[in-house]
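A closer look at the structure
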Amino acid sequence: MLPLGLVVALVSLTLCEGQPNCHFGSKGVTFGESCYKFVHEHLSWPEAVTYCVALGGELVRIESAAEHNFLIQIAKQLKQNDTSFDIKDYWINLSDVIVQGEWAWLGNTRLDAPSDSPSNELASYVRWGPTQPDNTPREDCVGLWLQGDFLFGDWPCSTRLHAICEDSMGH
Ligand SMILES: [Ca+2]
Ligand SMILES: [Ca+2]
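The structure reproduced in this document is the subject of the present report. Because the structure is a prediction, the values reported are computed rather than measured. (Residues numbered from 1 in each chain as written. Chains lettered and ligands numbered in written order. Predicted model: local features only at pLDDT ≥ 70, side-chain atom pairs only at ≥ 80, totals over all residues.)

So, about the overall build of the chain. Per the secondary structure count, the chain includes three helices and nine strands. Mapped in sequence order, the helices and strands of the chain form the string α-β-β-α-β-α-β-β-β-β-β-β. Burial statistics for the chain: of 171 residues in total, 32% are counted as buried. Sequence-distant contacts in the chain: of pairs separated by 6 or more residues, those separated by 24 or more amount to 58%. (Helix = DSSP H or I, 4+ residues; strand = E, 2+ residues; numbered from the N terminus. Buried ≥ 20, exposed ≤ 12 C-beta atoms within 10 Å, placed from the backbone. Contact = placed C-beta atoms within 7 Å.)

Okay, structure coming up:
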């Protein structure tokens, strides 16, 4: 794992450079083929989906441990260094609104979309925090859980959290 100082330097460098192919402009941080924007509004899960689409991206899909670890590092760095926002958990695209217990990325970005939508994709990577998912009372939407080291947690979709948007650069 990289020392935090180096990570901070790398992220700062990325922020300064700007990304010509990233819809989030100079506010985006990049990892691999994607750039990300950490949104510190108070959004329900459907609002987070809409918010990211409006920015030209989508609510983040975390498809690997490497991508997840990168986002955890940024989230922890923001928590430590940036006092301009309240600290909350971050929505990600994952949910089981279509089939209870089947965690999927909603490609069509709509909660009421047909269950056979070709752009929905069962998640191959999931990494739950302790005791999650507990589906209590009914928690169909997933975020990165602040108290659980930014591992996955499930919440009612109407809960207001922050969000992470992702843009695939070059598309
Ligand atoms: Ca991704
Ligand atoms: Ca939960």
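Alright, that's what it looks like, and here's the rest.
In this section: the nonpolar core. Formed by 37 residues in total, the largest nonpolar core has its most connected members in Leu59, Trp91, Ile92, Ala163, Ile164 and Cys165. For this core, the secondary-structure elements that each account for two or more residues are strand S2 (34–43), helix H2 (45–54), helix H3 (65–81), strand S4 (90–95), strand S7 (141–145), strand S8 (151–155) and strand S9 (161–168). It is S2 that contributes the most residues to this core, five residues altogether. Residues in contact with alanine 163, not counting those within four places in the same chain, are Val39, Leu43, Ala48, Tyr51, Cys52, Leu59, Tyr90 and Trp91. (Core = buried A, V, L, I, M, F, W, Y, C linked by C-beta atoms within 7 Å.)

With respect to the helices, strands and loops of the structure, isoleucine 87 is situated in the loop between H3 and S4. Judged by the 12 C-beta atoms lying within 10 Å of it, isoleucine 87 falls in the exposed class. For the pair isoleucine 87 and alanine 75, spaced twelve residues apart in sequence, the C-alpha to C-alpha distance is 9.7 Å. Non-local contacts of isoleucine 87, meaning those with residues more than four positions away in its chain, are made with Lys79 and Leu146.

Keep in mind these numbers describe shape, not what the thing actually does.
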